[in-house]
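# Summary of the model geometry
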Amino acid sequence: MIQVKYENGKFLAKGTFSVGIAGVYENKDFDGDDITIDIELDELLADLRKEKPYSYEPLVPYLKDKGEDGAAIAKGLEDYYNHKEEDIKKNIKQINDCILYHIFDSLEGCGFPFWEIEEAVVPGWFDDGEEEIYPSGEECIYYWGKAFRDQPNNGTVEKPDVEGRLRKQYPMFNFDALYESMIPGGISLDGGFIRFQFSDGWDWCMIECGYLVFDENFVPFDWHNH
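Model, not experiment: these values are computed from the prediction.

### Thoughts on the overall build of the protein
Scanning the protein from terminus to terminus reveals seven helices and eight strands. Over its C-alpha atoms, taken along the principal directions, the protein stretches across nearly 70 × 35 × 25 Å. Expressed as a percentage of the 226 residues in the protein, the buried residues total 47%. Residue pairs in contact within the protein that sit at least 24 positions apart in sequence constitute 56% of those at least 6 positions apart. Total accessible area on the protein is roughly 11,600 Å²; 46% of this is exposed by carbon and sulfur atoms. Charge-centre separation for the protein: the mean point of 21 positive side chains lies 9 Å from the mean point of 47 negative side chains.

What follows is the structure in structure tokens.
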């Protein structure tokens, strides 16, 4: 959970925000920059005055009775984002599977040789020489992961078991080691959007500043893996 305050024209956050296997993002105090709230008070209020707010519509139920005082608005933002974190926890399977879908879609797309990373491989799998690892055609994750492209991950749409299928597809991949290695890079809370970065803790840059955006329904946008 986070606390939010309004100070010197800025909304500041303190606390933690968890996004499944991407990690737990933390500001130990209000001066931290691992959790940022990228909202300008004047812009927010101008949008809320519209008959149909555009950028901040998902926040209306939390802000409609807060007036225009920055401190009161901060409490509404605090309640909204803590509620979003609870929604993430309730839908953690879909959230994690969505993250895994994007990671492995990138790996398959570029043929990244994860088997050359010692920590990424279950010991003993390649003692007899290298095998053909990545599938081809409609067996690729791109095809069977379509439920995660432009689709909500809030429990309203039935999804395939991505992790289960990946563990069968790649029995040599050490998923548990990946999760343990994950390094959260930073998270930005901007209206209904949650933007977060993460990397693996290995030296091969398999996930180098992975970047993903969720809207208020956890529809994914703008995935990058640099």
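### Thoughts on the packing of aromatic side chains
One pass over the full model with this rule turns up 20 aromatic pairs. Judged by centre distance (6.1 Å) and plane angle (35°), the rings of Phe198 and Trp223 are tilted. Of the two residues, Phe198 sits in strand β6 (residues 193-199) while Trp223 sits in strand β8 (residues 220-225), which places them 25 residues apart along the sequence. Their ring planes at 75° and their centres at 5.9 Å tell us that Phe214 and Phe218 sit as a pair that is edge-to-face. Since its relative accessible area comes to 1%, Phe218 is described here as buried. Through successive ring pairs, a cluster of aromatic residues spans Phe104, Phe114, Trp115, Tyr134, Tyr170, Phe173, Phe175 and Trp202. In this arrangement the basic side chain of Arg149 is found over the ring face of Tyr142, its NZ or CZ atom lying 4.0 Å from the centre.

### Focus on the pattern of salt bridges
Evaluated as defined, the whole model comprises 13 salt bridges. Across the pair Arg167 and Asp176 runs a salt bridge whose closest N-O atoms are separated by 3.0 Å. Arg167 gets classed as partly exposed once you look at its relative accessible area, which sits at 34%. A salt bridge links Asp190 to Arg195; its shortest N-O distance comes to 3.1 Å. Counted as one network, the salt bridges with shared partners bring together Lys93, Asp97 and Asp161.

### Examining the sheet that holds strand β5 (residues 183-190)
Across the sheet, five strands lie side by side as β4-β5-β6-β7-β8; this open sheet has mixed pairing. Among the strands making up the open sheet, the edge pair consists of β4 (35-37) and β8. Ignoring strand direction, the axes of neighbouring strands in this sheet form an average angle of 10°. Direction of pairing for β6 relative to strand β7 (residues 210-214): antiparallel, over a ladder of five bridges. In the strand pairing of β7, Arg195 is matched with Val213. Here helix α4 (residues 92-110) sits on the sheet and contacts β6, β7 and β8; the angle it forms with β8, its principal contact strand, is near 45°.

### Section: a negative patch on the surface
A grouping of Asp38, Glu40, Asp42 and Glu43 is seen on the molecular surface, where their side chains present a negatively charged patch. The residue Glu40 is located in the loop between β4 and α1 (41-48) in this model.

### Notes on the side chain of Ser199
Residue position: Ser199 is located in strand β6. Of the polar contacts made by the side chain of Ser199, one reaches the backbone nitrogen of Cys209; its length is 2.9 Å. In this view, Ser199 contacts Ser181, Met182, Ile183, Ile207, Glu208 and Cys209; residues no more than four positions away in its chain are not counted.

### Looking at the sheet that holds strand β2 (residues 10-18)
Strand order in this open sheet of three strands is β1-β2-β3, and the pairing throughout is antiparallel. On the outer flanks of this sheet lie β1 (2-7) and β3 (24-27), each paired with one strand and no other. Adjacent strand axes in the sheet meet at a mean angle of 25° when their direction is disregarded. For β1 and β2, the ladder comprises six bridges, and the chain directions are antiparallel. Paired with Gln3 across the bridge in β2 is Lys14.

Conventions we followed
- Residues numbered from 1 in each chain as written.
- Predicted model: local features only at pLDDT ≥ 70, side-chain atom pairs only at ≥ 80, totals over all residues.
- Heavy atoms only, no water.
- Helix = DSSP H or I, 4+ residues; strand = E, 2+ residues; numbered from the N terminus.
- Buried < 20%, exposed > 50% of the residue type's maximum accessible area, 1.4 Å probe, protein only.
- Contact = heavy atoms within 4.5 Å.
- Areas by Shrake-Rupley, 256 points an atom, 1.4 Å probe, with all protein chains shown as cover.
- Lys, Arg positive; Asp, Glu negative; His and termini not counted.
- Charge placed at Lys NZ, Arg CZ, Asp CG, Glu CD.
- Phe/Tyr/Trp six-rings, centres within 6.5 Å; stacked < 30°, edge-to-face > 60°.
- Lys NZ or Arg CZ within 6 Å of the ring centre and 35° of its normal.
- Salt bridge = Lys/Arg side-chain N within 4 Å of Asp/Glu carboxyl O.
- Pairing = 2+ DSSP bridges.
- Axes fitted to C-alpha atoms, helices over the stretch in contact; angles between N-to-C directions.
- Patch = residues over 30% accessible without salt bridge, like charges linked within 9 Å, V, L, I, M, F, W, Y side chains within 5 Å.
- Polar contact = N/O pair within 3.5 Å; in protein donor to acceptor, adjacent residues only side chain to side chain.

By themselves, these observations are geometric and do not establish any function.
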